[in-house]
There are 2 protein chains.
Amino acid sequence: MEKQKKPDKKMNKPIATVGSSTYQRIKHDIIFGELNPGAKLKLEALKQRYSASSSTLRETLNRLASEGFVEAPEQRGFFVTPVSREDLIEITELRVLLECHALEQSIKNGDTDWEGNLVAAHHKLHLMEQRMLAGDHSEKEMWKRYDWEFHLAMIEACNSKNLLSLHSTLYDKYLRYQMLVLTYRGEEAVVEHKAMFDAALARDASKAKQLLEEHIRNGLEHTLAAM
Amino acid sequence: MEKQKKPDKKMNKPIATVGSSTYQRIKHDIIFGELNPGAKLKLEALKQRYSASSSTLRETLNRLASEGFVEAPEQRGFFVTPVSREDLIEITELRVLLECHALEQSIKNGDTDWEGNLVAAHHKLHLMEQRMLAGDHSEKEMWKRYDWEFHLAMIEACNSKNLLSLHSTLYDKYLRYQMLVLTYRGEEAVVEHKAMFDAALARDASKAKQLLEEHIRNGLEHTLAAM
DNA sequence: ATTTGCAATAATATCTGATATTTTTTGTTT
DNA sequence: AAACAAAAAATATCAGATATTATTGCAAAT
């Protein structure tokens with residue numbers, strides 16, 4: 001018999017520590033361009049802005065550095081990682097490679113739960129897309145979340161924590177470029193999402209992969225054009 | 001008396017900060033099993049062992065956590081990331097995916113310098129392999145270095161910093177499992193290395209990829225069997 | 001005997017402030 | 001404009017202090 005988890009009074013505690021909330025806030029600010037690419041991150045300034053001590057901030061910045069959102073040249077402090085066309089292209093290529101592979105596995109392994117989640121995620125994304133098309137650009141953040149949740153739902157059954165984790169950072173890096181250019185790709189993306197969704201549900205892995213690759217590459221072109 | 005430094009204008013300074021050297025040492029100790037999988041990493045103990053302050057150590061551990069060598073459950077300190085068969089399999093699959101892709105690109109883009117480096121790297125690896133076959137297992141570290149340098153030399157011309165950096169972490173994770181089982185695969189690996197080397201120099205990308213995939217998968221079988 | 005409750009202990013997360021070094025800036029001189 | 005030294009700013013590192021949380025030990029209750 002498996003050891004039952006103690007159903008004791010201790011509930012899940014979503015209480016964030018200063019460290020983890022600072023981490024999220026800085027990462028968010030980098031991704032959404034509130035901290036500009038290349039900007040110097042001076043400890044004093046950050047202490048003010050995020051009301052955290054330098055110890056905590058240095059821990060956070062080290063973490064972000066190892067994920068690639070921050071650069072930390074020895075002895076010279078911290079900088080927001082700069083952006084470049086080459087970097088965007090590299091990120092995109094990696095995303096194609098990893099996300100397509102994950103999608104294939106996911107379609108192979110996905111069970112009913114996976115399908116259910118995917119349907120829900122697509123539905124929510126679709127609603128949001130209608131609002132964006134209707135001109136309501138007020139909720140970048142929400143749109144971003146739903147797009148992410150949809151892409152995640154597609155690959156979630158790939159059965160590899162390592163893959164999902166790599167993909168997640170990659171997606172965030174891509175997202176920063178997306179947020180940088182601020183433009184919404186519109187109808188095309190809607191159509192592509194729907195097509196991928198259908199292919200995935202139909203368990204047509206090779207078609208789904210192909211659509212996903214095009215979708216990601218189209219996004220790249222769109223972003224490059226706007227840079 | 002190495003205290004005094006040449007006040008040369010622009011000299012490379014390979015002088016490690018406490019932070020970076022601690023980082024390297026702990027990472028090394030995890031990879032080479034001197035810190036066991038799952039082990040609790042108590043600050044007090046680490047302070048002793050690495051003679052660094054808790055601030056510095058926490059920075060280091062955060063970095064290692066974000067790379068996946070350390071786990072850091074909120075409010076409960078740090079642990080060496082445990083090992084498992086599933087994890088090893090995931091790591092291997094990812095390595096196949098990334099390294100094969102990188103190899104293909106590298107063969108496509110590699111110039112004369114790349115070839116030169118590759119020849120040199122294979123030569124050094126080969127020498128070391130002869131000594132290993134002859135029974136000299138005293139230099140695990142060196143063998144590891146040469147194997148790494150060979151694999152790196154093959155993919156170095158892939159033209160993607162992001163890819164190389166992901167691959168490097170992945171390789172280190174694989175290496176930990178390798179070091180864990182302590183056995184040397186021997187002649188087979190030597191032959192495989194040579195075959196890959198030849199295919200790469202002959203610019204036969206698809207053959208090289210296939211050989212590399214087999215090479216990595218054979219390594220996995222070997223390690224799994226010994227676990 | 002196992003579970004429950006709670007005090008005692010250990011360990012963590014966070015902050016402050018100090019110091020030695022290094023980088024960057026500034027101002028002067030050639 | 002280049003070179004350079006002095007001054008200022010910022011970093012890396014450390015040693016505590018404190019509040020909070022996790023873990024352990026053990027007695028009481030089931």
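As shown above, the structure is provided for reference.
Residues numbered from 1 in each chain as written. Chains lettered and ligands numbered in written order. Predicted model: local features only at pLDDT ≥ 70, side-chain atom pairs only at ≥ 80, totals over all residues. Heavy atoms only, no water.

Caption draft 1: Representation of the overall build of chain A. For chain A, the helix and strand inventory stands at 9 helices and 3 strands. Start at the N end of chain A and walk to the C end: the helices and strands fall as α-β-α-α-β-β-α-α-α-α-α-α. Judged by the C-alpha coordinates and their principal axes, chain A covers about 60 × 55 × 35 Å. In chain A, buried positions account for 46% of the 227 residues. Here the analysis covers contacts within chain A between residues at least 6 apart in sequence; of these, 76% occur between residues at least 24 apart. Accessible area of chain A: about 12,000 Å², with a carbon and sulfur share of 51%. Taking the 32 positively charged and 34 negatively charged side chains of chain A as two groups, their mean positions are separated by 9 Å. (Helix = DSSP H or I, 4+ residues; strand = E, 2+ residues; numbered from the N terminus. Buried < 20%, exposed > 50% of the residue type's maximum accessible area, 1.4 Å probe, protein only. Contact = heavy atoms within 4.5 Å. Areas by Shrake-Rupley, 256 points an atom, 1.4 Å probe, with all protein chains shown as cover. Lys, Arg positive; Asp, Glu negative; His and termini not counted. Charge placed at Lys NZ, Arg CZ, Asp CG, Glu CD.)

Caption draft 2: Broad picture of the protein's contact with DNA strand D. In the vicinity of DNA strand D, 20 residues are found, and the nearest of them are Arg58(A), Val18(B), Ser53(B), Thr56(B) and Arg76(B). Those atoms of DNA strand D that come within 4 Å of the protein belong to sugar or phosphate at a rate of 88%. One of the side-chain nitrogen or oxygen atoms of Lys40(A) is found 3.2 Å away from a phosphate oxygen of DNA strand D. Between DNA strand D and the protein, one listed contact pairs a phosphate oxygen with a backbone N or O atom of Val18(B) at 2.4 Å. If you list the elements that add at least two residues to the surface near DNA strand D, you get helix H1 (18–31) and helix H3 (54–67) of chain B. Taken together, the residues of the surface near DNA strand D break down into 4 nonpolar, 9 polar and 7 charged. (Near = heavy atom within 4 Å. Polar contact = N/O pair within 3.5 Å; in protein donor to acceptor, adjacent residues only side chain to side chain. Nonpolar A, V, L, I, M, F, W, Y, C, P; charged D, E, K, R; others polar.)

Caption draft 3: Structural context of the sheet that holds strand E1 (residues 40–41) of chain B. Residues and elements named next belong to chain B. As summarised here, the arrangement of the 3 strands in space is E1-E3-E2, forming an open sheet in which the pairing is antiparallel. This sheet does not close on itself; its edge strands, each paired only once, are E1 and strand E2 (70–71). Where E1 meets strand E3 (residues 78–80), 2 bridges bridge the pair, whose relative direction is antiparallel. Across the sheet, Leu 41 pairs through a bridge with Phe 78, a residue of E3. (Pairing = 2+ DSSP bridges.)

Caption draft 4: Just the environment of Leu180(A), in detail. Residues and elements named next belong to chain A. Following the sequence through the fold, Leu 180 ends up in helix H7 (residues 161–181). Taking relative accessible area as the criterion, Leu 180 reaches 33% and is therefore assigned partly exposed. On a C-alpha basis, the gap between Leu 180 and Asp 29 in space is 12 Å, while along the polypeptide they are 151 residues apart.

Caption draft 5: Spatial organisation of the state of the cysteines. On inspection of all chains with the given rule, the structure shows 0 disulfides over all chains. Of the cysteine sulfurs around Cys158(A), a residue in no disulfide, the closest is that of Cys100(A), at 13 Å. (Disulfide = S-S within 2.5 Å.)

Caption draft 6: The arrangement of helix H9 (residues 205–226) of chain A in detail. Taking 1.5 Å as the rise per residue, H9(A) with 22 residues should run 32 Å; its terminal C-alpha atoms sit 32 Å apart, in good agreement. Along H9(A), the residues classified as buried are Ala205(A), Ala208(A), Leu211(A), Leu212(A), His215(A), Ile216(A), Gly219(A), Leu220(A), Thr223(A) and Leu224(A). (Expected span 1.5 Å × (residues − 1).)

Caption draft 7: Local environment of the relation of the copies chain A and chain B. In the superposition of chain A on chain B (RMSD 0.0 Å, axial shift 0.0 Å), the rotation amounts to 180°. Here the symmetry operator amounts to a two-fold rotation axis. A share of 100% of interface residues in chain A that are also interface residues in chain B marks the association as one of identical surfaces. (Least-squares fit on C-alpha atoms with pLDDT ≥ 70 in both.)

Caption draft 8: Unusual backbone geometry, seen in detail. Residue and element names in this part refer to chain B. Positioned with a positive phi, Asn 159 is a non-glycine residue whose angle comes to about 75°. With respect to the secondary-structure elements, Asn 159 resides in the loop between helix H6 (140–155) and helix H7 (161–181). For Asn 159, a relative accessible area of 59% corresponds to the exposed category. Not every positive phi belongs to a glycine, and Leu 182 is a case in point at roughly 70°.

Caption draft 9: Spotlight on the layout of surface pockets. Residues and elements named next belong to chain B. Space inside the second largest pocket adds up to approximately 280 Å³. At 5 residues, H1 tops the list of elements feeding residues into the lining of the second largest pocket. Among the residues making up the lining of the second largest pocket, the classes are represented as 5 nonpolar, 3 polar and 5 charged. (1 Å grid on protein atoms, 1.4 Å probe; cavity = no way out; pocket = protein on both sides within 12 Å on 5 of 7 lines; lining within 4 Å. Points joined across faces, edges and corners; volume = space filled by probe spheres on them.)

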